[in-house]
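# Understanding the architecture of this molecule
Residues per chain, in single letters:
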Amino acid sequence: MSEVLRSLQSAQEHEVLAYWERHKIFERSVNDRPESRPYTFYDGPPFATGLPHYGHIVASVIKDVVPRYWTMKGYRVERRWGWDCHGLPIENIVEKKFDLKSKKDILEYGVGKFNESCEAQVLEYAEDWKTVIRRLGRWVDMDNAYRTMDVPFMESIWWVFRNLWDKGLIYEGYKPMHMCPRCETTLSNFEVAQGYLDVTDITTTVAVELTSGSYAGAKALIWTTTPWTLPGNVLLAVGADMEYCLVESAGEKYVVSKSRVEHVFKDQDHKLVETFIGNKLSESTYDPIFPYFLDHANAFRVVAADFVSDDSGTGIVHIAPAFGEDDMVLGEAENVKPLFHVKMNGQFVPEVADPLEAEGYKVTGVPMKAKGTYSDVDIQIIKWLAHKGKLFAKEKVVHSYPHCWRCDTPLLNYTASSWFVKVSSMNDELVKNNESINWVPDNMKQGRFGKWLEGARDWAISRSRFWGTPLPVWKSEDGHVYVIGSKAELEKLVGHEVKDLHKHVIDNLTFTVDGREYKRIPEVLDCWFESGSMPYSQLHYPFENQAGFAKKFPAEFIAEGQDQTRGWFYTLHVLANSLFGKPAFKNVIVNGTVLAEDGKKMSKRLNNYPDPMMVMEKYGADAVRYYLMSTPVVHAGDIRFAESGVDEVGKKFITILRNCLSFYKLYAEHDDGREPNEKHVLDAWILARLHQTLETETQTLEAYELADSARVLQSFVTDLSTWYVRRSRDRMKTAGEDRAEALATLRTVLGTFSKMLAPFMPFLAEVVYQEINKKPWDGKGESVHLASWPEAAKVNKKSLEAMGEVRAIVSRIMEVRDQAGKAVKQVLGHVTIVTPSGKLSKALLAVILDEVNVKQATVEKGSELTVELDLTLTPELVREGMARELTRRVNGLRKDAGLTIADRIVLKVWSKSDEVQTMFKEHAKDIAADTLASKIDFAPGIDTTKQLEFRVAEQDIWIGF
Ligand SMILES: [Zn+2]
């Protein structure tokens, strides 16, 4: 990181981090708040399988802003980090590391060794995470993180499982599910929903000869997008009342649904011979498409089914009960067992592979669908069909197809045994309990999340894998099930201590109850079941912390990305509803996706985004935090990450606020510590703006609308700098009441604003707070983050309106100056201002005249705001402009010479011009005051050929004019 040029902000952030740690500010900010006022935050556990990316950073900043705010509101906000340790993400890494290509390889390698490798791998990036999270300024207890692989955590998961089992909410079933042939495990429906990609498939129309019934000898046309399922075909389905046709074409007779004839035979001469209803086809038999399972009981018949439609295809449906839900249900109804012609690893069984291979079709060891060999098997099948005269047509089609969310392998729809949570029995309660949750953005409630709840199907929670919390299920030979709810229960049953609950430790534990011997089933739990259990498991509830849990459930607040509506948000909701009949969280912020600047997904390979640590080092973490929090990404919107946007926060917010702070510090020695009053119109106005901003910020933070909250801070800083500070410069130059009042106001504004800034820009807030309180880093360990959230006073609306009018008038006058080409440095004599009220206080008028550099004004009443500027330049005005120009240049020279407001100069001027001499006679006093000159030496005798010349000698400034 050393090559990155740190901004002043970034350099100072490192000092602030050290200060916080030295004085344990985070710990104190939690522990100083009473336990009786908890505000519960749950952290969704990430996997430490890679470095944190911008998605994690967005969520992390949200998870920092909200707790910091509630802490300042006086609540005790404990923040405990969590690590997701189990599941496919880790297993896939270990498989790659040890070149384990299949489940068989893992079994040979040894489950114990494999699990130990997973454990060793789990926290590989934890230290990198700590570095990034610390640098980001996120306060969270990472030293005491919960880990889903710890025995107490796993034990609570068993308690959750057992509880659901006792309530009849868990069952074992045989269901068509999506299966990853590479990982050799079934996936839950929301895991499947995460991985749809467009693929090209070859749709195939196959001619199947009918061997009995009214149309024996004709060929039924069937259509499929999955040719690889054809060897598993056992039935053909037709619609009982749908119309079908016998069609003659090229000397053959075909059967197809009437409405599909023209589509199917679009390229061929054909003749309609007869029309009839589907029932006339049922109970016909047909010649099996592949000759490998000729003895399959009750198979190879045409049957009627109500799901058959003629929307696409041929109106005759190929049925393979092992590979689809309708297929399985129909197979059961027709008493035909599924034909498993494909193994869990996605390859053909030998009964199919061997004869095909013998005929020269390359299918042995080739998975049905895999990355890179997506259609290989389909192509072999189609070739075989063509060779046997059974291929009627083929066509390429692009469609959306599910892929494994971990390894990108195309999934297979596969009927398999799994354990389920009966979610479909609780849809109404899930929907009802969602009503009370505050979703940001609120359309998530009824939309993405609500819709998902309404249609939620049973959740497949078992995985045929290794590194996870084992299902606490033991079975006897005759099918009795024993579900264990705690470690102690297992120890009692097996008669000895059990130190670990992982699969390789408990798989061989057996016990006998009522004369039956029970053995463990092999499956482990879906890792989403584990993260959904974190409210209970992180506290080892109910084995420990019963009282603490009661206070900490449900959470006040959680936050994660949009994909979690089907992941963590969903599993938290399902489990809390099952266990306690209520939601697990009250408020939730859903963040969108951070895309690369080119609009594509951020990709290491494409190198299309800057490293987060580099950006933080360059511009400061505050700039990154504020940039992200002020975009729609905190409102489930997708954004394109632009480094220039972070840079802009640095320039338009951080630097500007720092300049306001420097301005205060320049005069701080004259600040007598008084309370501000609202005597001066500018003071009244900036205090009104401050409280207006505070009011909006507080309201939007309470509503968890972070972008709305962040944006008002920026516009306040702009007003503070471009109007209040700029217009107050002259007030600072002379000692007296007005200066004291201006300083009191600026101190109060910056002090209050530092607290308002604290949740979003914790570093800069700390700097401003320390400097304003004149005890920077004083060793006492004070901090803005230990302060209370400021109370908004009643906003002085009159003052805001009046200054609003003033600024409108100013911009009109500036427009006129602009059009007339009269730069603001040229003083003008008079302006007529027409306003609806016809009134402007003397003080406000003074602000206007000073700003627009006009000497006098008349205010008149009129229907709308207009200005009339007198552009005449009298010699007096020209000389006054000259004086101001001289002042400006001298102050430029002062600055170049590095002089401060404490330094006085002697101004030495020479000029041959009478006009300049007159100008000096008229304006010497003002020039001296404005350039902090103790003396002006006018030396007309010095001859120079140049118009303007100067030199700085010690503290003398010479200027020729
Ligand atoms: Zn996979």
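Calculation criteria
Residues numbered from 1 in each chain as written. Predicted model: local features only at pLDDT ≥ 70, side-chain atom pairs only at ≥ 80, totals over all residues. Heavy atoms only, no water. Helix = DSSP H or I, 4+ residues; strand = E, 2+ residues; numbered from the N terminus. Rg over C-alpha atoms; globule rule 2.2 N^0.38 Å. Buried < 20%, exposed > 50% of the residue type's maximum accessible area, 1.4 Å probe, protein only. Areas by Shrake-Rupley, 256 points an atom, 1.4 Å probe, with all protein chains shown as cover. Lys, Arg positive; Asp, Glu negative; His and termini not counted. Charge placed at Lys NZ, Arg CZ, Asp CG, Glu CD. Pairing = 2+ DSSP bridges. Axes fitted to C-alpha atoms, helices over the stretch in contact; angles between N-to-C directions. Contact = heavy atoms within 4.5 Å. Parallel < 35°, antiparallel > 145°, perpendicular 65-115°, else oblique. Donors = N, O, S within 2.8 Å, 3.2 Å for Na, K, Ca; no water. Tetrahedral: all angles 85-135°; square planar, octahedral: opposite > 155°, others 65-115°. Salt bridge = Lys/Arg side-chain N within 4 Å of Asp/Glu carboxyl O. Polar contact = N/O pair within 3.5 Å; in protein donor to acceptor, adjacent residues only side chain to side chain. 1 Å grid on protein atoms, 1.4 Å probe; cavity = no way out; pocket = protein on both sides within 12 Å on 5 of 7 lines; lining within 4 Å. Points joined across faces, edges and corners; volume = space filled by probe spheres on them. Nonpolar A, V, L, I, M, F, W, Y, C, P; charged D, E, K, R; others polar. Phe/Tyr/Trp six-rings, centres within 6.5 Å; stacked < 30°, edge-to-face > 60°. Lys NZ or Arg CZ within 6 Å of the ring centre and 35° of its normal. pLDDT = per-residue confidence, 0-100. Expected span 1.5 Å × (residues − 1).

## With respect to the overall build of the protein chain
Scanning the protein chain from N- to C-terminus turns up 32 helices and 33 strands. A compact globule built from 961 residues should have a C-alpha radius of gyration of about 30 Å, whereas the protein chain, at 39 Å, is more than 25% larger. On the principal axes, the C-alpha backbone points of the protein chain span a range of 125 × 80 × 50 Å. Here the protein chain holds 961 residues, and the buried ones make up 56% of them. Just so you have it, the protein chain exposes about 40,600 Å², and 49% of that area is on carbon and sulfur atoms. Of note, the protein chain has its 119 positive side-chain charges centred 5 Å away from the centre of its 136 negative side-chain charges.

## Focus: the sheet that holds strand β13 (residues 391-402)
Pairing in this open sheet of six strands is mixed, and the strands run β10-β8-β9-β6-β5-β13 from one edge to the other. Of all the strands in the sheet, the pair left with one neighbour each is β10 (271-277) and β13. On average, each strand axis in the sheet is tilted by 25° relative to the strand beside it, whichever way the strands run. Sheet topology places strand β5 (residues 196-209) next to strand β6 (residues 219-224); six bridges connect them, and they run antiparallel. From the neighbouring strand, T205 faces β6, where its bridge partner is W223. In the packing of helix α13 (residues 376-387) onto the sheet, contacts are made with β5 and β13, and the angle to β5 comes to roughly 20°.

## Let's talk about the packing of helix α1 (residues 8-22) against helix α28 (residues 762-772)
Relative to each other, α1 and α28 sit at 80°, their axes nearing to 9 Å. Considered as vectors, α1 and α28 are oriented roughly perpendicular to each other. Contacts from Q9, Q12, E13, V16, L17, Y19 and W20 in α1 reach P762, F763, L764, E766, V767 and Q770 in α28.

## What about the sheet that holds strand β24 (residues 585-591)?
In a beta sheet, neighbouring strands are held together by backbone hydrogen bonds and run either parallel or antiparallel to one another. Spatial strand order, β15-β24-β23: three strands in an open sheet with parallel pairing. Every other strand in the sheet has two partners, leaving β15 (438-440) and β23 (555-561) as the edge strands with one partner each. For this sheet, the mean inter-axis angle between neighbouring strands, taken without regard to orientation, is 15°. Bridge count between β23 and β24: six bridges; the pairing is parallel. Across the sheet, the residue bridging to G561 is N591, located in β24. Along the sheet, helix α21 (residues 568-580) makes contact with β15, β23 and β24, crossing β23 at roughly 145°.

## So, the coordination of the zinc ion
Note on metal sites: the ideal angle is 109.5 degrees for four tetrahedral donors, and 90 or 180 degrees for six octahedral donors. Looking at the metal site, the zinc ion is ligated by C180 (SG), C183 (SG), C404 (SG) and C407 (SG), spaced 2.3 to 2.4 Å from it. Geometry at the zinc ion is tetrahedral, judged from the four donor atoms that bind it and their angles of 102 to 120° at the metal. Ordering the donors of the zinc ion by residue number gives the pattern C-x2-C-x220-C-x2-C. Here C404 lies in the loop between β13 and β14 (412-421) and C183 lies in the loop between β3 (170-180) and β4 (185-187), a separation of 221 residues in the sequence. With relative accessibility at 0%, the residue C183 sits in the buried group.

## Regarding the side chain of D903
Residue placement: D903 occurs in the loop between α31 (875-896) and β30 (905-910). No salt bridge is formed by the buried D903; its nearest oppositely charged neighbour, R894, is found at 5.4 Å. Only 2.8 Å separates the side chain of D903 from the backbone nitrogen of T900, close enough to count as a polar contact.

## Observations regarding empty space enclosed by the protein
In this structure the tally under the stated criterion is three cavities of 30 Å³ or more. Volume-wise, the largest cavity comes out at about 110 Å³. Lining of the largest cavity is provided by 14 residues; of these, G87, L88, R463, L525 and C527 occupy positions nearest its centre. Sorting the residues of the lining of the largest cavity by element identifies α4 (88-97) and β22 (524-525) as the ones contributing at least two each. When grouped by side-chain class, the residues that make up the lining of the largest cavity number six nonpolar, three polar and five charged. A volume near 40 Å³ is recorded for the second largest cavity.

## Some points on the packing of aromatic side chains
According to the stated counting rule, one finds 59 aromatic pairs in the structure shown. On the numbers, 6.2 Å between centres and 50° between planes, the contact of W165 with W419 is tilted. Pair noted here: W165 is in helix α8 (residues 151-166) and W419 is in strand β14, with a separation of 254 residues, a long-range link. Residue W419 is classed as buried on the basis of its relative accessible area, which comes to 2%. Summarising the aromatic geometry, the rings of F290 and W384 are spaced 4.2 Å apart at their centres and angled 20° between planes, so their arrangement reads as stacked. Note that F290 is positioned in the loop between β10 and β11 (301-304) and W384 in helix α13, a separation of 94 residues in sequence. For the pair F290 and W384, one class covers both residues: buried. Ring pairs connect the aromatic residues W159, Y536, Y541, F549, F553 and F580, which therefore count as one cluster. One Lys or Arg, K175, reaches over the ring of F420 and ends 5.2 Å from the middle of that ring. Above the ring of W405, the side-chain terminus of R406 is found at 5.8 Å from the ring centroid.

## Observations concerning unusual backbone geometry
With an omega of 0°, the peptide bond between Y541 and P542 qualifies as cis. A cis amide bond links F553 to the next residue, P554, at an omega of -5°. Mapping P554 onto the fold places it in the loop between α20 (546-551) and β23. Backbone geometry at H540 places phi at a positive 55°, although glycine is not the residue there.

## Considerations on the pattern of salt bridges
One pass over the structure, following the stated rule, counts 63 salt bridges. Notably, a salt bridge pairs R76 with E78, separated by 3.1 Å at the nearest N-O pair. Accessibility expressed as a relative area gives 12% for R76, which makes it buried. K390 is the salt-bridge partner of D287, the closest N and O atoms lying 4.0 Å from each other. Linking D287 in the loop between β10 and β11 with K390 in the loop between α13 and β13, this pair joins segments that are 103 residues apart in sequence. Linked through salt bridges whose partners overlap, the residues forming this network are R6, E13, R135 and E617.

## Topic: the side chain of T752
Note on placement: T752 falls in helix α27 (residues 737-757). With residues near it in sequence (within four places) discarded, T752 still touches L690 and P790.

## Remarks on the environment of P836
Mapped onto the fold, P836 is located in the loop between β27 (828-835) and α30 (842-852). Residues P836 and Y541, spaced 295 residues apart in sequence, show a C-alpha to C-alpha distance of 69 Å. Apart from the residues lying within four places of it in its own chain, the contact partners of P836 are E805, K861, G862, S863, E864 and L865.

## So, the packing of helix α25 (residues 681-702) against α27
For the pair α25 and α27, interaxial distance at closest approach is 10 Å and the crossing angle is 10°. Comparing their axes, α27 and α25 come out roughly parallel. Contact residues: α25 offers D683, I686, L687, L690, T693, L694 and E697, while α27 offers E741, A742, T745, T748, V749, T752, F753 and M756. When its residues are assigned to classes, the contact of α25 with α27 shows eight nonpolar, four polar and three charged.

## Observations concerning the environment of E530
By the secondary structure assignment, E530 is in helix α18 (residues 527-532). Residue E530 is classed as buried on the basis of its relative accessible area of 0%. As a C-alpha pair, E530 and I382 span 148 residues in sequence and 44 Å in three-dimensional space. Side-chain polar atoms of E530 contact the side chain of H86, separated by 2.8 Å.

## What about the confidence of the model for the protein chain?
This prediction gives the protein chain a mean pLDDT of 91; 96% of its residues lie at or above 70. For residues 944-954, every residue scores under 50 in pLDDT, and the model assigns this stretch 21 contacts once sequence neighbours within four places are set aside.

## Looking at α25
One turn of the α-helix equals 3.6 residues, which is why residues spaced by three or four share an orientation. Across its 22 residues, α25 extends 32 Å between first and last C-alpha, which sits within 8% of the 32 Å expected from 1.5 Å per residue. Of all 22 residues that make up α25, 17 are buried, and the element is covered over most of its length. Directly after α25, the chain includes Y704, whose backbone phi takes a positive value near 65°.

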